[in-house]
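What follows is the residue order along each chain.
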Amino acid sequence: MKLDTPVSVLNGVGPVVKKGLERLKIKTVQDLLWHVPRRWEDYSQITKIRNIKPGKVAIVACIEVINVRRSARMKRLTITEAILSDGTGTIKVVWFNQPYLTTTLKKDQNYLFAGNFEFKNNYLSLNSPSFEPANEANFQGAIYPIYPETAGITSKTLQKLITQCIDTTEQITDDLPDSIQEQAEVVGLGEALHLLHQPKNMHDVERGRDRLGFEELFWLMLTGMTLKAEIQTEDAYKIPFDLSVVESILNQLNFELTDAQRKSAWTIFKDIEKNKPMNRLLEGDVGSGKTLVALLALVMTVKAGYQAALMVPTEILARQHMVTLTNLVKSLGIETSLLISALPMAEKKLVQEKIHNGKTDIIIGTHALLSEGVEFDNLALVVIDEQHRFGVNQRRKLKTKAQAMPHVLTMTATPIPRSLALVVYGDLDVSVIDSLPPGRSPVNTKVAREIDRSTIYFMVDTLLGQGQQAYIVCPAIEENDITGLKSVEAEYKKLQKSVFSHRRIAMLHGKMKPAEKAEIMEDFRAKKYDILLATTVIEVGVDVPNATVLIVENAERFGLAALHQLRGRVGRSNLQSYSYLFSESQSPMAYKRLSAMEKTTDGFRLAQIDLELRGPGEIYGTTQAGILDLRFANLLDAAGLAKAKTIANNFLETGEMLQYKPALERVNQLKKLTSLD
Ligand code: ADP
Ligand code: MG
């Protein structure tokens, strides 16, 4: 058997199983081996029913009674219920949509059941456990892998198929050089997969995961370091520091920079003074005042005789920045321009011309800045707001007529812990604004239930009566009976007719035309509306300091990063702000997320919690950009992160990497993924 042998040659793969495997994207033996278990059930520890506690359990018991019925609420759902006994006690067990179990499970036979013993629908029960006839199972050190499944393909099926081809793991080529494996003290790739599919104990599982986790981090870091080295070979314009520039801006403000802002600004000035391109990430919680820091760098660049650009993800944000920045730089004789795709053709042409012949200094826009027809005169700095990555090729695109690569400052308000940022964004230097401007009181956050609604509306109405404004965020635009989610349109109709009939409400969502959205945002800022009923289009960056209330409907639908961003829309002035997260969800995961929001307003802390809740996997704030999918790396393991970093660094610095083709190929692949090119 070879790795590219089709799975159809395996015993037990008929047309139905073959179809199912295809749904799991498994065509060859190799695909099957890479179908790694999602989790492992430890059958080696058998619990007596007398001692059972909520959580993961394995018991040996026989069936006393078993019945199947239809759900009263959902007609299509069948519920199989049984009572299990092991001589020390009895418990209830429940399966859904497996009516055939009443015939599969024989009454007076012992089975090994493994699953979650939990509180559901008002009683404790063992829910959808897997089972094995007890006489067949080997209790000593029996670990059962549980795979991502699909209709007709159970973990048991997969185990049987994998057993037939497990020896082919020896044929797997390992891209990680032996020297690296030795330094990292990890097993080979084939062995790792073998251990994950057929572990003898949980330690085997750990060894397998360690290997795959290390590898993920290693390539990622190596890629970051390579990108960093590449950028350093380019030349950039030197932007000399000029104190009077800073003063000219700060003199117009009625507040002082925070220490954190001052420090970050200083680091940035130091960077852009060099003739090597800056590649810096400015992390700061929502509302920490990143825009002002960026503005100082933009103005410094323009005063040195170059152009500077500010690129943002949405047109709403572009327009907002255009207004605030223009106000601050007008008196300094600096020309600003807005470039977004919504502009009328003629106007766009005009802006492009001004950019080309240097008649405009600061250009604010969306990705339209990168489009054909945009040629800069002498662009020396690009600031990218609310985005993670910017690739070398994008820089090259912007370079056009200029002699040098632009400096790049990326800003993000979905912070990840600093140690982690250094690892994951290995190509970037990182600055952190770790405090908020003084005088802000934390947003008062409450998870709310339906019964609280009228009280909350009353309280919101009082604030509106005092001239403050509110956001109400719904997950959907239009009403939909199937999802049952709150929608902007339905809520609008309802609220306008009932509690808020005397208030001015506007809708804002992604299906509206850009110009329409911009107008509504402007009118909301100008206090022409009391309530902005929106989807998450307002999630990023929107700054209306007079808005002090945020209501999120179906809050369980949003991740922590999104909720934190949404909450950042309020609490942007000295007024006390409130956020109410409505949810009727019973899911423990949702509950943990929402109560984390109640407990802390610190984005960095929330990032840490998010990481803990989700485990290895998606990284806070990066999923939207679709950048990284770490399946095994443990991002909370600081020592592991440091180890991978040191080893990757050595590999690059000693030149070992350049002689090792598989590594170069890996890094090239990842480069494409990790930059927006
Ligand atoms: P973010 O970091 O989320 O992008 P912004 O740059 O939008 O935050 O700033 C949030 C608000 O705080 C803005 O209204 C801004 O004018 C104000 N601000 C910025 N720096 C300070 C400061 N040092 N003191 C007081 N207010 C500030
Ligand atoms: Mg911002």
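Numbering of residues starts from 1 in each chain and follows the order in which that chain's sequence is written. All chains are assigned letters beginning at A, and all ligands numbers beginning at 1, according to the order in which they are written. Reporting in this predicted model follows two pLDDT cut-offs: at least 70 for local features of residues, and 80 or more for side-chain atom pairs to be given and counted; totals over whole chains, interfaces and linings ignore these cut-offs and use all residues. Only hydrogens and water are set aside when side-chain values are computed; all heavy atoms of the structure are taken into account.

Draft legend 1. Up close: unusual backbone geometry. Of note, the phi angle at Ser128 is positive, near 40°, even though the residue is not glycine. Along the chain, Ser128 falls in strand E6 (residues 123-133). Here's how the labels work: a residue is buried when its accessible area is under 20% of the maximum for its type, exposed when over 50%, partly exposed in between, all with a 1.4 Å probe on protein chains only. When its relative accessible area of 39% is taken as the criterion, Ser128 is described as partly exposed. In the Ramachandran plot, Asn554 falls in the positive-phi region, its phi being about 45° despite a non-glycine side chain. Tracing the sequence through the fold places Asn554 in the loop between strand E19 (547-552) and helix H18 (560-567). Accessibility expressed as a relative area gives 15% for Asn554, which makes it buried. Each helix is a run of H or I in the DSSP string that is no shorter than four residues. Each strand is a run of E no shorter than two, and both are numbered from the N terminus.

Draft legend 2. Expanded view of the pairing of strand E11 (residues 362-365). Residues Ile362 and Ile364 line one face of E11 and the alternating positions Ile363 and Gly365 line the opposite face, and both faces are buried. Examined bridge by bridge, strand E9 (residues 307-311) and E11 share four bridges and lie parallel to one another. Across the sheet, Leu310 pairs through a bridge with Ile364, a residue of E11. Here strand E10 (residues 336-339) runs beside E11; their pairing, made up of four bridges, is parallel. Among the inter-strand pairings, Ser337 is bridged to a residue of E11, identified as Ile363. By the convention used here, strands pair only if DSSP detects at least 2 bridges between them.

Draft legend 3. Quick peek at the side chain of Arg569. One can find Arg569 in the loop between H18 and strand E20 (578-582). Relative accessible area serves as the criterion here: at 0%, Arg569 is assigned to the buried category. Polar contacts, as used here, are pairs of N or O atoms within 3.5 Å; protein pairs need one atom able to donate a hydrogen and one able to accept it. Residues neighboring in sequence count only if both atoms are side-chain atoms. Looking at Arg569, its side chain comes within polar contact range of the main-chain oxygen of Ile538, at 3.3 Å.

Draft legend 4. Spatial organisation of the site of ligand 1. For each residue, the test is whether any non-hydrogen atom lies within 4 Å of the molecule or strand; if one does, the residue is near. Around ligand 1 sit 16 residues, and of these Glu256, Gly287, Lys290, Thr291 and Arg440 come closest. Separating an oxygen atom of ligand 1 from a backbone N or O atom of Gly287 is a distance of 2.6 Å. For ligand 1, an oxygen atom lies 3.1 Å from a polar atom in the backbone of Gly289. Computed with a 1.4 Å probe, the accessible areas rest on the Shrake-Rupley method; for each residue, only the protein chains presented here act as cover. Burial of ligand 1 by the surrounding chains reaches 85%, relative to a free accessible area of 570 Å².

Draft legend 5. Local environment of helix H1 (residues 15-23). Those residues of H1 not exposed but buried are Val17, Gly20 and Leu21. When H1 is viewed along its axis, its buried side chains cluster within an angular range of 100° and face the same direction. Of the exposed residues in H1, those oriented more than 90 degrees away from the buried face are Pro15 and Lys19. Once H1 ends, the next one or two residues include Lys25, with phi positive near 65°. By arc we mean the arc of the directions from the helix axis to the C-beta atoms, nothing more.

Draft legend 6. Broad picture of the layout of surface pockets. In this analysis the probe radius is 1.4 Å and the grid spacing 1 Å, with only protein atoms considered; a cavity is a set of points the probe fits into but cannot get out of, a pocket is an open set with protein on both sides within 12 Å along at least five of seven lines, and lining residues have an atom within 4 Å of a point. Grid points are joined across faces, edges and corners, and a volume is the space filled by probe spheres set on the points. Taken as a whole, the largest pocket spans an internal volume of roughly 1,200 Å³. As for the largest pocket, its lining consists of 41 residues, of which Phe255, Arg440, Asp543, Pro545 and Arg572 are closest to the centre. Elements that contribute at least two residues to the lining of the largest pocket include exactly helix H10 (290-303) and helix H11 (315-329). With seven residues, the single largest contributor to the lining of the largest pocket is H11. In the lining of the largest pocket, the residues fall into 15 nonpolar, 16 polar and ten charged. In terms of domain composition, the lining of the largest pocket takes at least three residues from each of domain 2 (243-433) and domain 3 (444-600). A volume near 890 Å³ is recorded for the second largest pocket. Lining the second largest pocket are 29 residues, with Gln98, Ser128, Pro129, Ser130 and Glu149 positioned closest to its centre. Classes in brief: Ala, Val, Leu, Ile, Met, Phe, Trp, Tyr, Cys and Pro nonpolar; Asp, Glu, Lys and Arg charged; the others, Gly included, polar. Where each domain begins and ends is defined by an automated method or by a domain database.

Draft legend 7. Spotlight on the domain arrangement of the chain. As far as domains go, the chain holds domain 1 (45-140), domain 2 (243-433) and domain 3 (444-600). The distance between the C-alpha centroids of domain 1 and domain 3 comes to 43 Å.

Draft legend 8. Representation of the environment of Trp34. Here Trp34 is to be found in the loop between helix H2 (29-33) and strand E1 (39-42). In this structure the C-alpha to C-alpha distance between Trp34 and Ala555, which are 521 residues apart in sequence, comes to 35 Å.

Draft legend 9. Spatial organisation of the sheet that holds E19. The strand order E15-E20-E19-E16-E18-E17 describes an open sheet built from six strands, whose pairing is parallel. The sheet is open, and its two borders are formed by strand E15 (444-448) and strand E17 (505-508), each paired with just one other strand. Within the sheet, the average angular offset between the axes of one strand and its neighbour, ignoring direction, is 15°. Here E17 pairs with strand E18 (residues 531-534) via four bridges, running parallel. Counterpart to Met507 in the pairing with E18 is Leu533. Whether two residues are in contact is decided by their heavy atoms: any pair within 4.5 Å suffices. Each axis is a line fitted through C-alpha atoms, taken for helices only over the stretch in contact, and angles between the N-to-C directions span 0 to 180 degrees. Of the strands in this sheet, strand E16 (469-473), E17, E18 and E19 touch helix H17 (residues 514-525), which is tilted by about 145° from E17. Relative to the sheet, helix H19 (residues 588-599) contacts E15 and E20, its axis offset from that of E15 by approximately 155°.

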